[in-house]
Amino acid sequence: MTLAVTGALACLALPVAAQTGALPVVVAKPVVVAKPDKKDAATAVKAEDKVEAKPEAPAVPVAAEVASDATVTVSANRPSNRIDRQVYDVKTDVGASNGSAADALNNVPSVAVDPDGTVTLRGSTNVQVFVDGKRSAMMQGDNRGATLNSLPAEDIESVEVINNPGAQFGNDGGGGPIVNLVMRRTRRAGGFGSVSANGGTNGRYNSFLSGSYNTGRFGVQGAAYLRHEVRTPDSFADRLRIDPVKGTSTRSTQESKGDEAHDTAGFNTSLTYNLGDKDTFGAGLSYSRNSNERDGTDRYVSYGTDGAAYRDYVRSTRRDGGNDNLGLSVRFEHRGDSRGEVGKMDLRVSSANNENDNAFANLYAIGSATGAQQSRQANASETRLVDLTGDYELPGESGIFKIGYKAGSDRNTIDTRLADIDPVTGAERPNALRSNSFALHQTNLALYGSYELRISPKWGVQAGLRAEHTTMDVKQLTSGTEASNNYLNFIPSMFVSYVASEDTDIRFTYAHRIRRPGANDLNPFVVYRDEFNVSSGNPNLKSTRTDSFELAFESKFGAIDTNLRGYYRKDSGIISERKVFISDTVLLTTRDNAGSNQSGGLEFNVRGKLTPQLTLNASGNLVYTEQRIFNATADSDAKRSTPSQSGRLRLNYQHPTIGQMQFALNAQGKTLARQGYRQATTTGNFSYRRPLTPALSLVANVTDVFDSGKSETVTDTDTIKDTTISRSNGRVMYLGLMYRFGGVGAGQGFGRRGPGGGPGGGGLP
């Protein structure tokens, strides 16, 4: 195809590489090395992407064999940083064979996942989670926690942390930094695979099977997994309601205990077909089913101003539920006649459906009953995403030009039904005050462009601008109210790189982002959670605006790689929670745009071999956060601030006879929340792998070795003092076997990714 025809793909091509930050490789001689030639001006902008090496296997044509963002493969088992992101290899982690995606993320510097699946980055919860550079319904809202705790870590190739996303990344999934899960895949000729089975304490178990087959122009890859988790969460909340006018206070407590069982089964598969030397077609399909059951009790005690209990009762709960996740992807890639010219098309469709049924019964020890003593609540939600994206990339003598577009559609529905049960007849009576239906539909149209300029052999600059038009339709079906809104946003970004020496790079990044409110944020209906807690959204919410800056210093001293990053972030009109009492004991959690947040800090990562057998990986984050929050008593803003420190230390010892041992220590410092803070936590994990044969390995894991994992959250305002301490699993042990077939040794058949980093086998659309 001629350059003119290929150039037309600028309006038709849909990006895979643009969304993952991929760059073209040299078709005639595909190669990858870790460090560029500093004398080449082109490499000042993309230091890790513009070099060459021999193809791995001639059985697969070049167009599909070489991934244009193959940096992760080069770095093997060390981080490989690029101008807009840090890349962390997790496939060599000893605990990957029986851990979850949440476990893998907890080994990534400055990233943390709590037992509920809440992801934080540098202490902020405003984080987008992508899969292979794309949004997925399974990573939206309440679906994210269940997915991260069930998706096998064995299926993940690497984790990319993008603190300041460039113009190619949209804001329809949230305006914060991005944590991108790059799924495993192989393009080696022939058949390869692995299978693992693990058993754990309290009846836990999981298994994972993956395989690939590539021959000629055709390749197919897939994985299937099964997981059974048992949890015994418990929590205690002590709440004080203060009346600043009367100078009095009342106290209430909530003690919760439960037994939970979570079962997950899923698969994913993909195929790649090379239509010719320049054209590649790919498709992927994934499905997973997560089911959960819970038996629990909550004891509620209310005290008067004299300190005496006037109400004491226990609510028992029986819950059955689950969610289904489905993903489909289709992509096409064409390489033009010019060196590095590429056009890409990508269509992603994903959905997540959640349903759960809760049966409640109250038993009073003190005080009279209020309301129905037996009830049932059914909750259902559905998220459907359709993303049509495209980009065109053309390197020139002075730099690289990119343009792209996106057409996206989001549909979210939330349905809650609560019925009171007659204790004599068992008949159900709908409770209109605690039932509601809500729907949100958003469409997003975006265009972006960026240019990477070679200023000199040492200096490189990338500037980008994205324009997004959003239309939002909100329907509160219960009350019959509707609202619509549409707006246009311009989102700039800037990246500068400087090659200080052969082993030292300096990078500066800036990005302006917005975070739009989601369905739960906008739904104004008061949703019943339990006897002491209800929640509601706010249909008048506006987008949060964020400006983020970062300066990075990356160097190598002998066998030690070091990264040091200073950063500053300011959020205006933040979408955050506000808690207010609507009765003596019931606390309403709602959302508003009041207040602002700014933080600055220093992040470091050090990795290298202390001895031929012992590897050290240490990282830390020192951050100072300042917030302005609404003060109800003074009817004005109040300022709060706190320093926080977090760090990780991982020691890996590998011996040809003993095997491989790894110990990881994770410490998360105190972090500010909207009206309070979360206390510091520290946990330790131990993993061991011993080869029994060249293909068979024994694997053992112990998570939370010191049984210290807990979450303590404090709300501290002029009207509320609340402390909640929660625990989930405690110490958990696993023992299992892993067997690899179709070739063993270095790489284990997992070395390459599909074209453009798209959803190849083992990936999730």
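What counts, and where the lines are drawn
- Residues numbered from 1 in each chain as written.
- Predicted model: local features only at pLDDT ≥ 70, side-chain atom pairs only at ≥ 80, totals over all residues.
- Heavy atoms only, no water.
- Helix = DSSP H or I, 4+ residues; strand = E, 2+ residues; numbered from the N terminus.
- Buried < 20%, exposed > 50% of the residue type's maximum accessible area, 1.4 Å probe, protein only.
- Contact = heavy atoms within 4.5 Å.
- Areas by Shrake-Rupley, 256 points an atom, 1.4 Å probe, with all protein chains shown as cover.
- Core = buried A, V, L, I, M, F, W, Y, C linked by side-chain atoms within 4.5 Å.
- Pairing = 2+ DSSP bridges.
- Axes fitted to C-alpha atoms, helices over the stretch in contact; angles between N-to-C directions.
- Salt bridge = Lys/Arg side-chain N within 4 Å of Asp/Glu carboxyl O.
- pLDDT = per-residue confidence, 0-100.
- Phe/Tyr/Trp six-rings, centres within 6.5 Å; stacked < 30°, edge-to-face > 60°.

Enquirer: How should I be thinking about the overall build of the chain in this particular structure?
Expert: Looking only at helices and strands, the chain features eight helices and 38 strands. Expressed as a percentage of the 765 residues in the chain, the buried residues total 55%. Looking at the chain alone, contacts between residues at least 24 apart form 69% of all its contacts between residues at least 6 apart. In the form shown here, the chain has an accessible surface area of approximately 30100 Å², with 58% of it arising from carbon and sulfur atoms.

Enquirer: Please clarify how the environment of Leu347 should be interpreted in this entry.
Expert: By the element assignment, Leu347 lies in strand β14 (residues 342-366). Given the relative accessible area of 33%, Leu347 is considered partly exposed. Separated by 15 residues in the primary sequence, Leu347 and Phe332 have C-alpha atoms spaced 9.3 Å apart. Ignoring sequence-local partners within four residues, the contact set of Leu347 consists of Leu328, Ser329, Val330, Val386, Asp387 and Leu388.

Enquirer: Got a minute to help me understand the nonpolar core in this structure?
Expert: One recurring pattern in soluble globular proteins: nonpolar side chains tend to sit buried together. Within the largest apolar cluster, 29 residues are counted, with the highest numbers of intra-cluster contacts made by Leu105, Val111, Leu148, Ile156, Val159 and Leu181. The greatest single-element share of this core, amounting to four residues, is contributed by helix α6 (residues 101-105).

Enquirer: Any chance you could explain the pairing of β14 here in plain terms?
Expert: Taken residue by residue, a regular strand's side chains alternate between the two faces of the sheet. Inspection of the sheet shows strand β13 (residues 309-335) paired to β14 by 24 bridges, in the antiparallel sense. Pairing of Val314 across the sheet is with Leu363, part of β14. Counted between consecutive antiparallel strands, the loop separating β13 from β14 contains six residues, among which Gly340 sits at a positive phi close to 85 degrees. In this sheet, strand β15 (residues 374-395) lies alongside β14 in antiparallel orientation, the contact comprising 20 bridges. Considered in β15, the bridge of Ser351 is made with Arg384.

Enquirer: Honestly, the sheet that holds strand β26 (residues 576-581) in this entry has me stumped. Any pointers?
Expert: Working definition: the strands of a sheet are paired by backbone hydrogen bonds and lie parallel or antiparallel to each other. One open sheet holds the four strands; their spatial order is β22-β23-β27-β26, and the pairing between them is mixed. Because the sheet does not close on itself, it has two edges, and the strands there are β22 (527-530) and β26. Recorded for the sheet is a direction-independent mean angle of 30 degrees between the axes of neighbouring strands. Where β22 meets strand β23 (residues 533-535), three bridges bridge the pair, whose relative direction is antiparallel. Residue pairing across strands places Asp530 opposite Asn533, the latter belonging to β23.

Enquirer: Any chance you could explain the side chain of Ser150 here in plain terms?
Expert: Inspection of the secondary structure assignment puts Ser150 in the loop between α7 (143-148) and β5 (156-162). Residue classification places Ser150 among the buried residues on the basis of a relative accessible area of 7%.

Enquirer: Would you mind going over the side chain of Glu154 with me for this structure?
Expert: Within the secondary structure, Glu154 is located in the loop between α7 and β5. If we skip the residues at most four places from it in the chain, Glu154 touches Ala96, Ser97, Arg184, Ser194, Phe208, Met738 and Arg740.

Enquirer: Even after reading the chapter, I still don't get the pattern of salt bridges, so can you show me in this structure?
Expert: Opposite charge on two side chains permits pairing when their charged atoms draw close. A complete count under the given rule lists 43 salt bridges for this structure. The closest approach of N and O atoms between Arg204 and Glu229, which form a salt bridge, is 3.3 Å. Of this pair, Arg204 sits in the loop between β7 (190-200) and β8 (205-215) while Glu229 sits in strand β9 (residues 218-231), and the two are 25 residues apart along the sequence. Here Arg204 and Glu229 have matching classes, each one buried. Among the charged side chains, a network of salt bridges with common partners joins Arg122, Asp505, Arg507, Glu550, Glu554, Arg565 and Glu603.

Enquirer: I would appreciate a short explanation of the pairing of strand β35 (residues 696-703) in the present structure.
Expert: For strand β34 (residues 681-691) and β35, the ladder comprises six bridges, and the chain directions are antiparallel. Residue pairing for β35: Phe686 is matched across the bridge by Val702. Relative to strand β38 (residues 732-741), β35 is paired through eight bridges, and the arrangement is antiparallel. Bridge assignment links Ala700 to a residue of β38, and that residue is Leu735.

Enquirer: Would you take a moment to explain the confidence of the model for the chain for this structure?
Expert: Should pLDDT be low for a region, the predicted coordinates there are not to be read in detail. Looking at the chain, pLDDT values average 81 and 84% of them are 70 or higher. When mean pLDDT is compared element by element in the chain, strand β12 (residues 279-303) scores highest at 95, while helix α5 (residues 71-75) scores lowest at 31. Under a pLDDT of 50 for its full length, residues 1-79 has, in the predicted model, 249 contacts with residues more than four places off or in other chains. pLDDT under 50 marks residues 744-765. Its contacts with residues more than four places away, or in other chains, come to 107 contacts.

Enquirer: Is there a simple way to think about the packing of aromatic side chains in this case?
Expert: Each aromatic ring pair is described using two quantities: the centre-to-centre distance and the angle formed by the ring planes. Going through the model one piece at a time under the given rule, you end up with ten aromatic pairs. Both rings, one in Phe267 and one in Tyr287, keep their centres 6.5 Å apart while their planes meet at 45 degrees; by these two values the pair is tilted. Of this pair, Phe267 sits in strand β11 (residues 248-274) while Tyr287 sits in strand β12; the two residues are 20 residues apart in sequence, bridging distant segments of the chain. Here the aromatic rings of Trp459 and Tyr498 are separated by 4.5 Å at their centres, their planes lie at 40 degrees, and the arrangement is tilted. Here Tyr498 lies in strand β20 (residues 481-501) and Trp459 lies in strand β19 (residues 459-476), a separation of 39 residues in the sequence.

Enquirer: Mind showing me how you'd approach unusual backbone geometry here?
Expert: Note: most peptide bonds trans; most residues except glycine with negative phi. Not every positive phi belongs to a glycine, and Asn202 is a case in point at roughly 60 degrees. Phi angles above zero are rare outside glycine, and Asp704 is one such case at about 55 degrees. Mapped onto the elements of the fold, Asp704 is located in the loop between β35 and β36 (711-716). Judged by its relative accessible area of 8%, Asp704 falls in the buried class.

Enquirer: Just checking my understanding: could you explain the sheet that holds strand β6 (residues 178-183) for this structure?
Expert: Reading across the sheet, the four strands line up as β1-β5-β6-β4 and stay open at both edges, with mixed pairing between neighbours. Each of the sheet's edge strands pairs with one partner strand only, and the pair in question is β1 (86-89) and β4 (128-131). Between one strand axis and the next, the sheet turns through 20 degrees on average, direction left out of account.

Enquirer: What is the right way to read the environment of His228 from this model?
Expert: Position of His228 relative to the elements: it lies in strand β9. According to the relative accessible area criterion, His228 is buried, its value standing at 14%. Along the primary structure His228 and Asn290 are separated by 62 residues, whereas in three dimensions their C-alpha atoms are 9.8 Å apart. With sequence-adjacent residues up to four places away left out, His228 is seen in contact with Gly203, Arg204, Tyr205, Ala261, His262, Asp263 and Tyr734.

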